[in-house]
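# Topology and contacts: notes
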Amino acid sequence: QESIIHSFVEFNDHSVIAQLGVPDMKVPIQYALTYPDRLPSQTSPLNLAEIAMLHFKQMDFERFPCLRMAYDAGKAGGTAPAVFNAANEVAVERFITGEIAFTDIEIIIEHVLERHSATPFPILEEIFEADEWARDVAKALKV
């Protein structure tokens, strides 16, 4: 709702580190362009006292199937997250170019993940191979 929490990581001890900021894409875009440096920005500072509360809702994985697949790929580990990411990038590019409908993005990702047998503890070369395989499959899929 507030779009204040931009990301968070939960560790195996269940502690959480969050990245918070005002709901403005200028900061993440600037950081992407200037990484690893953090430059001053024109964005307003976050005032948590003014916000006073953050509101959370249970995630609706049926409404957002790509998020469910991302979580599942993360839990599966190994090469599954790289395959999810590669299939997503290809599917989004196909949508942007008008080749597929927006709702086809999730279909492509799901089909690629279903066809993938994850390597549990991949070396870097195996991650690159899985990425390339997923991109090829996502490009070739007819929806």
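Residues numbered from 1 in each chain as written. Predicted model: local features only at pLDDT ≥ 70, side-chain atom pairs only at ≥ 80, totals over all residues. Heavy atoms only, no water.

### Focus: the overall build of the chain
Looking only at helices and strands, the chain features six helices and two strands. Scanning the chain from its N terminus toward the C terminus, one meets helices and strands in the order β-β-α-α-α-α-α-α. Here the C-alpha coordinates of the chain stretch approximately 50 × 40 × 35 Å along the principal axes. The buried share of the chain, taken over its 143 residues, is 23%. When the accessible surface of the chain is totalled, it reaches about 10600 Å², and 57% of it is carbon and sulfur. (Helix = DSSP H or I, 4+ residues; strand = E, 2+ residues; numbered from the N terminus. Buried < 20%, exposed > 50% of the residue type's maximum accessible area, 1.4 Å probe, protein only. Areas by Shrake-Rupley, 256 points an atom, 1.4 Å probe, with all protein chains shown as cover.)

### Details of a nonpolar patch on the surface
A contiguous nonpolar patch, built from Met59, Phe61, Phe64 and Tyr71 and spanning about 360 Å² of accessible area, is present on the exposed surface. Taking the relative accessible area as the measure of exposure, methionine 59 reaches 40% and is therefore partly exposed. (Patch = residues over 30% accessible without salt bridge, like charges linked within 9 Å, V, L, I, M, F, W, Y side chains within 5 Å. Salt bridge = Lys/Arg side-chain N within 4 Å of Asp/Glu carboxyl O.)

### Looking at the side chain of threonine 43
Tracing the sequence through the fold places threonine 43 in the loop between α1 (26-34) and α2 (48-51). Assessed through its relative accessible area of 13%, threonine 43 is described here as buried. Dropping the residues within four chain positions of it, threonine 43 is found in contact with Val22, Asp24, Lys26 and Val27. (Contact = heavy atoms within 4.5 Å.)

### Section: the nonpolar core
Counting residues in each nonpolar core, the largest one holds 20 residues, and the members touching the most others are Val83, Phe84, Ile108, Ile109, Val112, Leu113 and Ala138. Breaking this core down by element, the ones donating at least two residues are α3 (65-76), α4 (80-96), α5 (104-115) and α6 (124-140). Broken down by element, the residue count for this core peaks at seven residues, all from α4. Every residue in contact with isoleucine 109, bar those within four places of it in the chain, is listed here: Cys66, Met69, Phe84, Ala87 and Asn88. (Core = buried A, V, L, I, M, F, W, Y, C linked by side-chain atoms within 4.5 Å.)

### Notes on the environment of proline 28
Position of proline 28 among the secondary structure elements: in helix α1. For proline 28, a relative accessible area of 35% gives the class partly exposed.

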